[in-house]
Every structure is written in C-alpha cells, then in structure tokens.
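# Descriptive structure summary
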Amino acid sequence: MNVLFSVVVPFYNEADNLPPLIAEIDTMLRTLGQPAEIILVNDGSTDQFAQPASSPSYPIRWLSLTRNSGQSAAMYYGMQAARGDFVITLDADLQNDPQDAPKLYRKLVEENLDMVTGVRTNRHDTFVRRASSKIANAVRGALLQDHTSDTGCTLKVLRAEAAKRLPGWNGMHRFMPALILSAGYKIGEMPVNHRARHSGVSKVAGGKRAVRATIDLLGMLWFCRRQFHGRVTGGDAP
Ligand code: UDP
Ligand code: MG
C-alpha cells in the first residue's frame, strides 16, 4: 500500500516523552485519515527508554544512529528513509502540537508549495532563547532571503522529493527553508501552537548554538548559490 505521510521525529533522551508523543501523532494521523508511517529516529540515546507497548493505528519504524550525532543527522536519516509522498517533521518533546500538521499540509496542497514551516506563536522557551532566536532569524533572513520568520520550528510539512534534496550536515535543520528554496522549490509558513517541553530538558546549549549558527551562515551563503537548482522529471527520476 502506498504511504502518503511519513512523520519523522528525532529523539535524544526523551524516554518519558515517547508514549504521549506517539499517542498524539496517532490522533493527528487519524484526522488526516490516509496511509501513514511514523519514523522515530533514536539519536544515540543513553536513557532507558522502552519501545512503548501501546499499539498505534500506524506502523512505527525505529531507526537508530550508532552515536549521538545531533538533530540534523537524525532528521536527515529519517527523511531519507521516508516512504511517504509527504514528510511531517516534529520535535519529540511535544513542544510542537502534532494537531497543527493537517493545516500546514492543507496550505501546502492549496498553494502548491513544497514545504510549509510553522511559526511558533506564544513561545514557551526562556527569554534568552527567544531573544537569541529573534536575532538569529533576523540576521539569517536578511542574508539568505529565505522569507521565513522562524526556521527553528521543527514542525514542517514537506513533499518527500524536496525533503530528500536536503544535504546531510550538522546544522542543516536550521536552514531548511533556504536550502529548499535555493534548490528550486516553493515554500510557505503559517502560525502554529507552541507548548512547554512535556518532560526532560533542552538538549541544545544557547551560546554554542549562536557561534555555530554564524559559521554555518557563511557556508550557506556559498552553498545556496552553488547547489543544483531545479528538479529532474521523467523516467525513474528520484
Ligand atoms: N535532538 C536529537 N539529537 C540531539 C539533540 C536533540 O535528536 O543531539 C532532538 C530532541 O530530542 C528533540 C529535538 O531534537 O526531539 C529538539 O531538541 P530540543 O527540544 O532539545 O531543542 P529545543 O526545543 O530546546 O531547541
Ligand atoms: Mg524542544
């Protein structure tokens, strides 16, 4: 049976979040009412998580990275493994509300886009995180012209073809709109709900993140101009 939706979730030490996460994804997929799969990518977790015994209505595929490789790597491998025509990406800590995914999908279809990114309204993060994110989004937007107010929102819906054009490198997940746009695809954004972490702690250190994002930005300025622009059609094109 053809899979229409692949939900891809990276997780690192999120044991307590997995059971409610799976339940919420299941409810969301039932709203969409189409064949789907859930791809959970274990990014080298060291906590004692058990694959939940609950049996969702949709198959779960568990991928494991041999070592903790970062959110970009986990998302990259999950998206590459997707069998669906559309990929829905989410955080594992339930900060994103899976119930927002259907409206992002509807926008994507109605406006014939290739990726729709959520914009977190009422962010439930610390003041420092919100302020640094605002500055980063402003600088990034001005330099890369990616027309995206909040690249840090993991809740996104993409056509699988566009998702599979994303290159694998550490930091990629923060630049998905610019990467998709400069590959010749169309993007959009819309407001989504944002919640407090359900359980556990953030895995990303603020200061480190800012320095790395700046270096990544320089690489992106080069890559976006030089990556292949456009798509392949016909035959057995990927
Ligand atoms: N994550 C991951 N590998 C890492 C760090 C984070 O797979 O090395 C996952 C994490 O489990 C979560 C998502 O990426 O599902 C976002 O991480 P986090 O919530 O810590 O980031 P924040 O929301 O604080 O930016
Ligand atoms: Mg989070």
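Higher on the page you've got the structure.
So, a few notes on the structure that sits alongside this text. (Residues numbered from 1 in each chain as written. Chains lettered and ligands numbered in written order. Predicted model: local features only at pLDDT ≥ 70, side-chain atom pairs only at ≥ 80, totals over all residues. Heavy atoms only, no water.)

## Quick word on the nonpolar core
- One finds Phe 5, Leu 29 and Ile 88 to be the most contacted residues of the largest nonpolar core, which totals 32 residues.
- Mapped by element, the contributors of at least two residues to this core are strand S1 (5–11), helix H1 (18–32), strand S2 (36–42), strand S4 (86–89), helix H3 (101–110) and strand S7 (187–192).
- It is H1 that provides the largest number of residues to this core, a total of seven residues.
- In this view, Leu 29 contacts Phe 5, Val 7, Gln 34, Ala 36, Ile 38 and Tyr 58; residues no more than four positions away in its chain are not counted.
- Formed by 30 residues, the second largest nonpolar core is a distinct cluster that contains Ala 82, Met 176, Ile 187 and Cys 224. (Core = buried A, V, L, I, M, F, W, Y, C linked by side-chain atoms within 4.5 Å. Buried < 20%, exposed > 50% of the residue type's maximum accessible area, 1.4 Å probe, protein only. Helix = DSSP H or I, 4+ residues; strand = E, 2+ residues; numbered from the N terminus. Contact = heavy atoms within 4.5 Å.)

## Brief notes about the coordination of the magnesium ion (ligand 2)
- The protein atoms donating to the magnesium ion (ligand 2) are Asp 93 (OD) and Gln 95 (OE1), with metal-donor distances spanning 2.0 to 2.2 Å. Each member of the pair Asp 93 and Gln 95 is classed as buried. (Donors = N, O, S within 2.8 Å, 3.2 Å for Na, K, Ca; no water.)

## Description of the pattern of salt bridges
- With the rule as written, the count across this model stands at 15 salt bridges.
- Measuring nitrogen to oxygen at the nearest pair gives 3.3 Å for the salt bridge that ties Asp 114 to Arg 159. Remark: Arg 159 occurs in strand S6 (residues 156–159) and Asp 114 occurs in the loop between H3 and strand S5 (115–120); sequence separation between them is 45 residues.
- Of the charged contacts, one joins Arg 231 and Glu 161 as a salt bridge, the two residues approaching to 3.7 Å between their closest N and O atoms. Taken as a pair, Arg 231 in the segment after helix H7 (206–226) and Glu 161 in helix H5 (residues 160–163) lie far apart in primary sequence, 70 residues in all.
- Overlapping salt bridges bring together Glu 14, Asp 93, Arg 197 and Lys 203 as one network. (Salt bridge = Lys/Arg side-chain N within 4 Å of Asp/Glu carboxyl O.)

## A few points about the packing of aromatic side chains
- Scanning the entire structure with this criterion turns up seven aromatic pairs.
- On the basis of an interplanar angle of 85° and a centroid distance of 6.1 Å, the ring pair of Phe 11 and Trp 62 is categorised as edge-to-face. Pair noted here: Phe 11 is in strand S1 and Trp 62 is in strand S3 (residues 60–64), with a separation of 51 residues, a long-range link.
- Classification of Trp 62 by relative accessible area gives partly exposed; the value is 23%.
- Ring centres of Trp 222 and Phe 223 lie 6.1 Å apart, and the angle between their planes is 50°; on these two criteria the pair is classed as tilted.
- Among the aromatic residues, those joined into a cluster by ring pairs are Phe 5, Phe 86 and Tyr 105. (Phe/Tyr/Trp six-rings, centres within 6.5 Å; stacked < 30°, edge-to-face > 60°.)

## Observations regarding the site of ligand 1
- Around ligand 1 sit 18 residues, and of these Glu 14, Asp 43, Arg 129, Ser 202 and Lys 203 come closest.
- Side-chain polar atom of Gln 71 to an oxygen atom of ligand 1: 3.5 Å apart, as the coordinates give it.
- Between an oxygen atom of ligand 1 and a main-chain N or O atom of Lys 203, the distance comes to 2.6 Å.
- Isolated, ligand 1 exposes 530 Å² of accessible area, and the fraction of that covered by the protein chains is 94%. (Near = heavy atom within 4 Å. Polar contact = N/O pair within 3.5 Å; in protein donor to acceptor, adjacent residues only side chain to side chain. Areas by Shrake-Rupley, 256 points an atom, 1.4 Å probe, with all protein chains shown as cover.)

## Section: the sheet that holds S5
- In space, the seven strands of this open sheet follow the order S3-S2-S1-S4-S6-S5-S7, with mixed pairing throughout. Pairing within the sheet leaves two strands with one partner each, and these edge strands are S3 and S7. Averaged over all adjacent pairs, the angle separating strand axes in this sheet is 20°, with direction ignored.
- Across five bridges, S2 lies against S3 in parallel orientation. Pairing of Asn 42 across the sheet is with Ser 64, part of S3.
- Each of S1, S2, S3 and S4 is contacted by H1, which is oriented at about 165° to S1, the strand it contacts most. (Pairing = 2+ DSSP bridges. Axes fitted to C-alpha atoms, helices over the stretch in contact; angles between N-to-C directions.)

## Looking at the environment of Ala 15
- Positionally, Ala 15 belongs in the loop between S1 and H1.
- On the basis of relative accessibility, which here comes to 21%, the residue Ala 15 falls in the partly exposed class.
- Separated by 207 residues in sequence, Ala 15 and Trp 222 have C-alpha atoms that sit 39 Å apart.
- Apart from the residues lying within four places of it in its own chain, the contact partners of Ala 15 are Asp 47, Gln 48 and Phe 49.

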